[in-house]
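# Coordinates in review
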Amino acid sequence: MQFVDEASIIVEAGNGGNGCLSFRREKYVPKGGPDGGDGGHGGSVYLIGDDALNTLIDFRYQRFYKAQNGQPGMGRQMSGRAGEDLHVKVPVGTTVIDEETLEVIADVTEIGQVVLVAQGGRRGLGNIHFKSSTNRAPRRTTPGTEGERRNLRLEMKVMADVGLLGMPNAGKSTLIRAVSAAKPKVANYPFTTLVPNLGVVKLGIHEHFVMADVPGLIEGASDGAGLGLRFLKHLTRTRLLFHVVDVAPFDESDPVEAAEAIIHELGEFSPALAELPRWLVLNKLDLLPAEEREAKADEIVRRLGWEGPVFRISAISADGTDALVQAAHRWLTEQRQLENEDEEAAERAREMRARMEEEAVARTEARLGRRRKKVDEGDDFDDDDYDVEVEYAP
C-alpha cells in the first residue's frame, strides 16, 4: 500500500431548500390562505476517526466531498426533506487544517471521534410564516442558504509509543525489523527509508507496544531540508524516543557531531519535542573490534554529556535489542500507571502533548505559507511532486 500522510480535499455542505410560495386552493374553501411549507436543511460534512485506515491515499483519488442539498418546501404546509449528512472516514491521528486561513479545525485522535468540517445551509421559510392580520395573502418567502465550502489540508501523524530518531543509515529500519514484524526496506546507503514504518513489538500475551521508524534527518531538517520537516511531526505522538547513533559510520564521520546535529534539529523543530524522554542507542557495535567497543561507547557518551539511559546494540544481529525493548516496555507501563493514578502527572503529559502539537502545527502553517507564497509568485508547484511510491509495513 502506498503511504500518504498529507492530502488536500474540498468539502462542500448541502444547500438549504427554498421556502415555498403557495396558497390553499380547494373547492368550498374560498379563504384558504397561504400554505407554503419550509425547505429542508442542507446536509453537513463530518470527519470520523477510523482505526481501520492507516494512510490518506484514498484522498489522492477522491478530493471532492459534497453532502446532499435540502429539498424545497411544498404546498399544503409540507416541508422539504433535509439533506443527508456526509461522514468521511479518516485515520486516527489526522490533523485537519483550513488551507485558506491555516486554522487548525480539529485533531482526530480517538476512534469514532466526529468532527464537523462544513456546516449545511439553513432552510428557507414558506409564505405561511409571513401572514398577519394586515397581510392575509403574503407573497414573501426566504431562500435556503448555501452550504459551507472549505479547502482542507489533512495531515496524518502515526500513533506510536516509541519513535526512532537518527541520521540516515543509522540502522533505525534494521532495528525495527529486528524487534517487530515490520519489514521496511533496508540497504547500505542513506535515505533508504522514505516514509514512516510502524512495527508492533510483542513481548508476551497482551504485552506489546508500537514503534515508529521515520526517515533519517539531516542538518537543516527543521527548516525543510531533506524529508525531515515533513516527518518530524510524526514523533509528536510518541511517548519515548530512541536516539539511534551509528558508532562506525561508513564515511568515517564523527558520531558525536551527527548526534549533536540531530539534537539541535529536534529543538529547532519543537522545544517540547526536545524535552520528550530520549534514550541513547549506540548501534553497529559489531563493526568495531571487540576490545574497542566499550571504550568507543564510553567516549561518545562522555563527549555528548549524556546523562540518560544508554543501550549498546547491534541491530543486524539483534544483539542487545531484547534488553532495549524490555526496558522500554517497563518504562511505558510505569508511565501509563503513573498517569492513571496521579492526576498531576496526567495533566503534565497532556500539556506536553499539546505543546508538541502546537509547535508542529506552527511549523506546518509556516511551510504552507511558504508554499502559498511560491504559488502566488508564479512558481510551478505541484503537490503531487511530494508523492512517494513505496510500500507501507503494517
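Scroll up a little and you will see the structure.
In short, a report on the structure. (Residues numbered from 1 in each chain as written. Predicted model: local features only at pLDDT ≥ 70, side-chain atom pairs only at ≥ 80, totals over all residues. Heavy atoms only, no water.)

What follows deals with the layout of surface pockets. Each pocket or cavity is described by its volume, and for the largest pocket that value is around 440 Å³. Around the largest pocket, the lining residues are V92, D107, T109, E110, M159, A160, D161, T236, R237, R239, R353 and E357. Grouping the constituent residues of the lining of the largest pocket by class yields 3 nonpolar, 2 polar and 7 charged. (1 Å grid on protein atoms, 1.4 Å probe; cavity = no way out; pocket = protein on both sides within 12 Å on 5 of 7 lines; lining within 4 Å. Points joined across faces, edges and corners; volume = space filled by probe spheres on them. Nonpolar A, V, L, I, M, F, W, Y, C, P; charged D, E, K, R; others polar.)

This paragraph deals with the nonpolar core. Of all hydrophobic cores here, the largest spans 26 residues; its most connected members are I9, V11, V45, L47, F59, V117 and L154. If you list the elements that add at least two residues to this core, you get β1 (6–12), β2 (45–50), β4 (86–91), β6 (104–108), β7 (114–118), β8 (149–156) and β11 (207–213). Beyond its immediate stretch of four places on either side in the chain, L154 contacts D5, E6, A7, I9, L47, L56, F59, V90, T94, T95 and V96. (Core = buried A, V, L, I, M, F, W, Y, C linked by side-chain atoms within 4.5 Å. Buried < 20%, exposed > 50% of the residue type's maximum accessible area, 1.4 Å probe, protein only. Helix = DSSP H or I, 4+ residues; strand = E, 2+ residues; numbered from the N terminus. Contact = heavy atoms within 4.5 Å.)

Attention now moves to the side chain of S22. Tracing the backbone shows S22 in the loop between β1 and β2. Ignoring sequence-local partners within four residues, the contact set of S22 consists of P34, D35, G36, G75 and N127.

Here we have 5 strands laid out as an open sheet, ordered β3-β1-β8-β5-β6, and mixed in their pairing. Both edges of this open sheet fall to β3 (64–66) and β6, since each of them pairs with a single strand only. Strand-to-strand, the axes of this sheet are offset by a mean angle of 25°, without reference to chain direction. Judged from the 4 bridges that link them, strand β5 (residues 94–98) and β6 form a sheet pairing that is antiparallel. If you follow V96 over to β6, its bridge partner there is A106. (Pairing = 2+ DSSP bridges. Axes fitted to C-alpha atoms, helices over the stretch in contact; angles between N-to-C directions.)

The geometry of helix α4 (residues 255–269) relative to helix α6 (residues 290–304) is characterised by a closest axis approach of 10 Å and an angle of 40° between their N-to-C directions. Accordingly, the angle class assigned to the pair α4 and α6 is oblique. With respect to the hand of their crossing, α4 and α6 are arranged in right-handed fashion. Between α4, through P255, V256, A259 and E260, and α6, the contact on the second element is made entirely by K296, I300, R303 and L304. Grouping the amino acids of the contact of α4 with α6 by side-chain chemistry returns 5 nonpolar, no polar and 3 charged. (Parallel < 35°, antiparallel > 145°, perpendicular 65-115°, else oblique. Left-handed = near helix turned anticlockwise from the far one by under 90°.)

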